[in-house]
Amino acid sequence: MKIVSGRTGSPHVTSQQFRQMLEGILGQDSYILTSGENLKPELSSNNLLKIRSGMMCHHGCISCVEIGTYDEVTLTNGSHGMQRIDLVVNRYTRNTETEVEKCEWKVITGTAKASSPAVPTYTKGNLQEGDLVDECPVFEIHYNGINVTEVKSLLSVAGSLAELNGKLEEKRYSISQGGSLAIRNQRITKKNNRVSIEAGLYTTGLGNANTRYNGGSIPAEIAPPGSGAFPAIVTKDNWTLIGIGCVIIETNGAITYQINSPFQKDTYIWLDVSYDL
């Protein structure tokens, strides 16, 4: 066992140890880290790609385009009447004599075909095993004839710890009273994109069976991605079960409801549902 984050009397922390630590924190895949312009690609011409500022992690190796700057990558011409896919990779190398490591952009040219071109191969290394070359595909460049038709980003942007904490935090919301429904009690929460609604609602007037009525709304930001119809228990004010109902929540948050039998004023509708955004 060796200490890494401590003094030993001589320099001892290696880049491999640092990458190993970052893999444990960020994961072993490849990500764009939230920084600068998140390595946004900008096609200047069919022969030149600008890559805006940002930072990325590939197998624990951190590299960047500095804030306030951009990198330029020269692209290879397309061919008339042919299609092609090129890869722009972040290429890691280590010099065996000097042990100097570096990252740089490299374009891997694909094979031109009349249709359905394949993505070119690249070098898949393992930095923890000491490989000298490790290439991370970051962009695909799609050609149709001599023109670039698409610059496709291949890496996702990893959220910050602040964003992650925000997703894990339980947020509370409420139903806005409206239509012919009033609110007895409610508990509406969102945690990690999961919405839970527990509500006791009651009618403010008479109603017919299997007829839809308006009943207020919830905030649109927590409305189901597709209109949702949720079953509900219907009781009298003395808790006697009188039927079943359905509460419909539209994508804009509007609430409507219907009951399978005629109902009086102060009929209670009990809703307990959960869904993912």
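The structure under discussion appears in the preceding block.
Below is a summary of the structure that appears in this document.

What counts and how
Residues numbered from 1 in each chain as written. Predicted model: local features only at pLDDT ≥ 70, side-chain atom pairs only at ≥ 80, totals over all residues. Heavy atoms only, no water. Helix = DSSP H or I, 4+ residues; strand = E, 2+ residues; numbered from the N terminus. Expected span 1.5 Å × (residues − 1). Contact = heavy atoms within 4.5 Å. Pairing = 2+ DSSP bridges. Axes fitted to C-alpha atoms, helices over the stretch in contact; angles between N-to-C directions. Buried < 20%, exposed > 50% of the residue type's maximum accessible area, 1.4 Å probe, protein only. Lys, Arg positive; Asp, Glu negative; His and termini not counted. Salt bridge = Lys/Arg side-chain N within 4 Å of Asp/Glu carboxyl O. Phe/Tyr/Trp six-rings, centres within 6.5 Å; stacked < 30°, edge-to-face > 60°. Lys NZ or Arg CZ within 6 Å of the ring centre and 35° of its normal. Polar contact = N/O pair within 3.5 Å; in protein donor to acceptor, adjacent residues only side chain to side chain.

### Here's the deal with helix H1 (residues 15-26)
Reasoning step 1: The terminal C-alpha atoms of H1 lie 16 Å apart, and with twelve residues this matches the ideal 16 Å at 1.5 Å per residue to within 8%.
Reasoning step 2: Against strand S4 (61-74), strand S5 (83-94) and strand S6 (101-108) lie the buried residues of H1.
Reasoning step 3: Once H1 ends, the next one or two residues include Gly27, with phi positive near 110°.

### Focus: the pairing of strand S12 (residues 194-203)
For a regular strand, the rule is simple: side chains alternate between the two faces of the sheet.
Reasoning step 1: Pairing geometry for strand S11 (residues 181-191) and S12, over ten bridges, is antiparallel. Its bridge partner lying in S12, Gln186 is registered against Ala199.
Reasoning step 2: Where S12 and strand S17 (residues 268-276) come together, nine bridges link them in antiparallel fashion. The residue of S17 that forms the bridge with Glu198 is Asp272.

### Observations concerning the sheet that holds strand S16 (residues 254-259)
Reasoning step 1: Pairing in this open sheet of eight strands is antiparallel, and the strands run S10-S11-S12-S17-S14-S15-S16-S13 from one edge to the other. Each of the sheet's edge strands pairs with one partner strand only, and the pair in question is strand S10 (171-173) and strand S13 (213-217). Strand-to-strand twist across the sheet, computed as the mean angle between neighbouring axes with direction ignored, equals 20°.

### Some words on the side chain of Lys190
Reasoning step 1: With respect to the helices and strands, the residue Lys190 is situated in strand S11.
Reasoning step 2: Buried charged residue Lys190 carries no salt bridge. Nearest counter-charge: Glu221, at 4.8 Å.
Reasoning step 3: Those residues in contact with Lys190, other than ones at most four positions away along the chain, are Glu169, Glu170, Lys171, Tyr173, Val195, Ile222 and Leu277.

### Some words on the packing of aromatic side chains
The description of an aromatic ring pair uses the distance of the two centres, along with the angle that the planes make with each other.
Reasoning step 1: Considering all chains together, one arrives at eight aromatic pairs under this definition.
Reasoning step 2: An angle of 15° between the planes, with centres 4.9 Å apart, marks the rings of Trp239 and Trp270 as stacked. Taken together, the residues Trp239 in the loop between strand S14 (228-235) and strand S15 (241-249) and Trp270 in strand S17 connect sequence positions 31 residues apart.
Reasoning step 3: One aromatic cluster is present, built from ring pairs that chain together Tyr202, Trp239, Tyr268 and Trp270.
Reasoning step 4: When the ring centre of Tyr70 is taken as origin, the NZ or CZ atom of Lys50, which lies over that ring, is 4.5 Å away.
Reasoning step 5: The ring of Tyr143 is capped by Arg84, whose NZ or CZ atom sits 4.3 Å from the centre of that ring.

### Here we look at the pattern of salt bridges
Reasoning step 1: Taken as a whole, this structure holds eleven salt bridges when the rule is applied.
Reasoning step 2: We note a salt bridge from Arg94 to Glu99, for which the minimum N-O separation is 3.0 Å.
Reasoning step 3: Residue Asp276 pairs with Arg194 through a salt bridge whose shortest N-O separation is 3.2 Å. Here Asp276, found in strand S17, pairs with Arg194, found in strand S12; they are 82 residues apart in sequence, far enough to count as distant.
Reasoning step 4: Bridged by salt links that share partners, the residues Arg91, Lys106 and Glu135 form one connected network.

### A few points about the environment of Thr8
Reasoning step 1: In this structure, Thr8 sits in the segment before H1.
Reasoning step 2: At a separation of 3.0 Å, a polar atom in the side chain of Thr8 contacts the main-chain carbonyl oxygen of Ser10.
Reasoning step 3: Here the side chain of Thr8 touches His12 through a polar contact of 3.2 Å, side chain to side chain.

### Focus: the pairing of strand S3 (residues 48-58)
Reasoning step 1: Judged by how many residues are buried, S3 sits mostly within the fold: nine of eleven residues are covered.
Reasoning step 2: The sheet contact formed by strand S1 (residues 30-33) and S3 spans four bridges and is antiparallel. The partner of Ser30 across the bridge, within S3, is His58.
Reasoning step 3: In the sheet, strand S2 (residues 41-45) pairs with S3 via four bridges, with the strands oriented antiparallel. Pairing of Glu42 across the sheet is with Lys50, part of S3.
Reasoning step 4: If you look at the hairpin formed by S2 and S3, you'll find two residues sitting between the two strands.
Reasoning step 5: Taken together, the ten bridges between S3 and S4 define a ladder with antiparallel strand orientation. If you follow Lys50 over to S4, its bridge partner there is Glu72.
Reasoning step 6: From the end of S3 to the start of S4, which pair antiparallel, there are two residues, and His59 there has a positive phi angle of about 55°.

On their own, these measurements won't tell you what the molecule is for.
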